[in-house]
Amino acid sequence: MEKFSKIISTAVPLPNQDIDTDQIIPARFLKATTRAGFGDNLFRDWRYNPDNSPKTDFPLNDSTYSGEILVAGRNFGCGSSREHAAWALYDYGFKVVVSSFFADIFKGNALNNGLLPVQVSDEFLSKLTEAIQKDPSVELSVDLEKQSISFDGGTESFEVNSYKKECLINGYDDIDYLVNIKNEIEAYEASSITI
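Residues numbered from 1 in each chain as written. Predicted model: local features only at pLDDT ≥ 70, side-chain atom pairs only at ≥ 80, totals over all residues. Heavy atoms only, no water.

Draft legend 1. Quick look at the packing of aromatic side chains. Applying the stated criterion across every chain yields a total of 9 aromatic pairs. Look at Phe76 and Phe102: their rings are 6.2 Å apart centre to centre, the planes differ by 80 degrees, and that puts the pair in the edge-to-face class. Taken together, the residues Phe76 in the loop between strand 3 (69-72) and helix 3 (84-92) and Phe102 in the loop between strand 4 (96-99) and helix 4 (104-112) connect sequence positions 26 residues apart. In this pair, the class of Phe76 matches that of Phe102, namely buried. An aromatic cluster is built from Phe43, Trp46 and Phe58, whose rings are joined through pairwise contacts. Sitting over the ring of Tyr48, Arg44 keeps its end group 4.3 Å from the ring centre. Taking NZ or CZ as reference, Lys95 lies 4.8 Å from the ring centre of Tyr90, over its face. (Phe/Tyr/Trp six-rings, centres within 6.5 Å; stacked < 30°, edge-to-face > 60°. Helix = DSSP H or I, 4+ residues; strand = E, 2+ residues; numbered from the N terminus. Buried < 20%, exposed > 50% of the residue type's maximum accessible area, 1.4 Å probe, protein only. Lys NZ or Arg CZ within 6 Å of the ring centre and 35° of its normal.)

Printed below as a string of structure tokens:
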């Protein structure tokens, strides 16, 4: 995984509430066995017409908006437990998703795949979404080490699992983390007394 400590970026607003994993990546696109290419079908049914032409009013198709941060509505990632939703968001180019509530399984899948879910208050989310829609050049700063998100309209702290935070900052997946502490594991095993 890529190391993640701080991102300063513009954002794409998608203020819909209750965005489920089937809307993020429809089930018919889950046939691949690698993570590559899922971004092409991110929000497929919302982004494209039946004839595969882009829907011009969808934020991802609107050149006014860009960036590595998706600012979504409340209850993002609900529905099924498919990890492909996190793959699709990351493959598309998002590094952060901001919402006032995330489904637990989606949050875990996101963190396992290098995508940071930043949970903020409903008030902060509303203010942030309004600011981006009014001025798409608004930049957000997401600082993982300080666990804060800020823009000209305010700053808010967010929670993140300390183990996952360490993994993101160092670019580790679970195996990389274990390899990194191999000497500590071996020292523990050597000092353990067998009964």
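Draft legend 2. Looking closely at the sheet that holds strand 4. Pairing is parallel across the open sheet formed by 4 strands, whose spatial order is 2-3-4-5. Strands with a single pairing partner mark the edges of an open sheet, and in this sheet they are strand 2 (11-14) and strand 5 (116-119). Neighbour to neighbour, the strand axes of the sheet diverge by 20 degrees on average, direction disregarded. Where strand 3 and strand 4 come together, 3 bridges link them in parallel fashion. Paired with Leu70 across the two strands is Val97, which belongs to strand 4. This element, helix 5 (residues 122-134), spans strand 2, strand 3 and strand 4 of the sheet and lies at about 120 degrees to strand 3. (Pairing = 2+ DSSP bridges. Axes fitted to C-alpha atoms, helices over the stretch in contact; angles between N-to-C directions. Contact = heavy atoms within 4.5 Å.)

Draft legend 3. Quick peek at unusual backbone geometry. The phi dihedral of Phe43 is positive, around 50 degrees, even though this residue is not glycine. Note on placement: Phe43 falls in the loop between helix 1 (21-24) and helix 2 (44-47). On the accessibility criterion, Phe43 (0% relative accessible area) is buried. One non-glycine residue, Asn75, lies in the positive phi region at around 65 degrees. Its location among the elements puts Asn75 in the loop between strand 3 and helix 3.

Draft legend 4. Structural detail: helix 5. Taking 1.5 Å as the rise per residue, helix 5 with 13 residues should run 18 Å; its terminal C-alpha atoms sit 18 Å apart, in good agreement. By the burial criterion, the buried members of helix 5 are Phe124, Leu125, Leu128, Thr129, Ala131 and Ile132. On an axial view of helix 5, the arc spanned by its buried residues comes to 160 degrees, and they lie on one face. Exposed residues lying more than 90 degrees from the buried face of helix 5 are Glu123, Glu130 and Lys134. Against the buried residues of helix 5 lie strand 2, strand 3, strand 4, strand 6 (140-143), strand 7 (148-151) and strand 8 (154-157). (Expected span 1.5 Å × (residues − 1). Arc of directions from axis to C-beta.)

Draft legend 5. Layout of the sheet that holds strand 1 (residues 6-9). One open sheet accounts for 4 strands, arranged 1-6-7-8; its pairing is antiparallel. Taken across any chain shown, the strands that pair with only one partner, and hence form the sheet edges, are strand 1 and strand 8. Neighbour-to-neighbour, the strand axes of the sheet open up by a mean angle of 10 degrees, direction not taken into account. Across 3 bridges, the pairing between strand 6 and strand 7 is antiparallel. Following the sheet pairing, Val142 is matched in strand 7 by Ile149. Strands strand 6, strand 7 and strand 8 of the sheet are contacted by helix 5, whose axis makes an angle of about 40 degrees with strand 7.

Draft legend 6. Structural detail: the pattern of salt bridges. Within the structure shown, the criterion is met by 3 salt bridges. Asp22 is the partner of Arg82 in a salt bridge, and the nearest nitrogen-oxygen pair spans 3.0 Å. On the criterion of sequence distance, the pair formed by Arg82 in the loop between strand 3 and helix 3 and Asp22 in helix 1 is long-range, its members being 60 residues apart. Among the residues examined, Arg82 registers a relative accessible area of 17% and is labelled buried. Of the charged contacts in the structure, one is a salt bridge between Asp45 and Arg28, with a shortest N-O distance of 2.5 Å. With Asp45 in helix 2 and Arg28 in the loop between helix 1 and helix 2, this residue pair connects regions lying 17 residues apart in the sequence. Owing to a relative accessible area of 46%, Arg28 belongs among the partly exposed residues under this scheme. (Salt bridge = Lys/Arg side-chain N within 4 Å of Asp/Glu carboxyl O.)

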